[in-house]
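Letter by letter, the chains look like this.
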Amino acid sequence: MLKSRNNMSFERLKYYRNLAGGAFECIQSRLSKTPKPLCFSLMVTSKCNCDCDFCFWKHKKGTDDLPKEEIIRLIEEAGKIGYMDSIFWGGEPLLRQDIAEITRASQKAGLYTKLATNGWFLEQNSDFAKYTDLVFVSLDAIGQAHDKIRHLDGICARVMSGIEYHKLHFPKMRIYVCCTVSSQTDFNQIKDVAQYCKNVDILLYFTVNKSNQMLDEAKNVKDTELETEQLSEIFIRIKDLKKQGYPIRNSDYFIDYIINKKNYYECHWPRIATVIYSDGNMLRCYDRKPYINIKNKSLKDVISNSVYIDTVNKCKECKLACVGNYALDASGLWKLEWPAIKSLMQIAIT
Ligand code: SF4
Ligand code: SF4
């Protein structure tokens, strides 16, 4: 059997430490009324060079992004508090020329460091990868179909060449393609993406577009969400691809939720992940309104504040049931549901 860059390696022990620690923290958090967040999620900029129809952020211009010093202060605090991992996203995080300093601070703080990018600047602004454990690169279709979705000519070619560059120069960094399933793609395009990931030996994660998470102030956003029935049909076929050995990393727990057309789960994600927007705001999940701004405040004070505790505890009543990130899996794990534990363990050991 050929050696894959995704096979078990010494570096992946760090991931297991992260996963085991995460499960432990979930249990700890479950037993207490006080949340013990473990994932530090920061939108480092709202600026972007793409213009996707489904983007909630394109009304923002990146003028109120947190400065590097403020971000690094928060990261260092997150490390000291005991957060396990970080994810930096946008907008387009590689538009920040100081992004490598940010990922370096995260690695130094002991966080398993992830970054999500549209891929355009992967080669030009590549130093972030020296300090990054895992990168998510958006790719929704192959060729011009992807360029059209992202409204940026040539982005598919740049994503592919950027991925090759990073495979060569940063062999230890895990690379995930992040493919958004929406009304702008069909199954054949999705299969092409899966084939590409298999051919170039990288991993694939599907997200589902949910327009009901939209902010009130978001402008020119098109509803590209698929009907429950169509989503279910696509995910039946995605599950089949996974069985055939395509490198799909969504858990069966996640896939089955969509196949079975479920539209509600009790969400505990806000207790697990501290999500901070580019201007320092934290938003209430259920109505998307800001309730705390973290600027010039200590992270420890924020997460021990009663407003924060009450807000994140109340999120389990949220009816949005978004499944776009790890909210569903993490909530299943938090509730110690066996199908969630089993399918996440399957992913962990493969
Ligand atoms: S790449 Fe992401 S941040 Fe940029 S426009 Fe598209 S959805 Fe928005
Ligand atoms: S389902 Fe969870 S992560 Fe999604 S908006 Fe509601 S509380 Fe937030």
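The structure we're discussing is the one just above.
A few points on the structure. Just so it is clear, the model here is predicted, and its values are computed rather than measured.

1. Topic: the nonpolar core
And step 1. Core analysis: the largest hydrophobic core is formed by 92 residues, its most contacted members being Val137, Val177, Cys179, Val193 and Leu204.
And step 2. Element by element, the count of residues in this core is highest for strand β5 (residues 174–181), at 6 residues.
And step 3. Sequence-distant contacts of Cys179, that is, excluding residues within four places in its chain, are made with Leu139, Asp140, Ile190, Val193, Leu204 and Phe206.

2. Looking at the site of ligand 1
And step 1. Surveying the vicinity of ligand 1 reveals 13 residues, the closest of which are Cys48, Cys50, Cys52, Cys55 and Asn118.
And step 2. For the shell around ligand 1, the per-class residue count stands at 5 nonpolar, 4 polar and 4 charged.

3. As for the sheet that holds strand β6 (residues 203–208)
And step 1. The parallel open sheet is built from 7 strands, whose spatial order is β6-β5-β4-β3-β2-β1-β7. One side of each edge strand has no neighbouring strand; the edge strands of this open sheet are β6 and β7 (273–276). With direction set aside, neighbouring strand axes in the sheet form an average angle of 20°.
And step 2. With 4 bridges connecting them, strand β2 (residues 85–89) and strand β3 (residues 112–117) associate as parallel partners.

4. Considering the site of ligand 2
And step 1. The immediate surroundings of ligand 2 are formed by 12 residues, with Cys267, Cys285, Cys315, Cys318 and Cys322 found nearest.
And step 2. Within the shell around ligand 2, the residues separate by chemical class into 11 nonpolar, 1 polar and no charged.

So, how was this worked out
- Residues numbered from 1 in each chain as written.
- Chains lettered and ligands numbered in written order.
- Predicted model: local features only at pLDDT ≥ 70, side-chain atom pairs only at ≥ 80, totals over all residues.
- Core = buried A, V, L, I, M, F, W, Y, C linked by C-beta atoms within 7 Å.
- Buried ≥ 20, exposed ≤ 12 C-beta atoms within 10 Å, placed from the backbone.
- Helix = DSSP H or I, 4+ residues; strand = E, 2+ residues; numbered from the N terminus.
- Contact = placed C-beta atoms within 7 Å.
- Near = placed C-beta within 6 Å.
- Nonpolar A, V, L, I, M, F, W, Y, C, P; charged D, E, K, R; others polar.
- Pairing = 2+ DSSP bridges.
- Axes fitted to C-alpha atoms, helices over the stretch in contact; angles between N-to-C directions.

Just distances and angles here, no functional claims.
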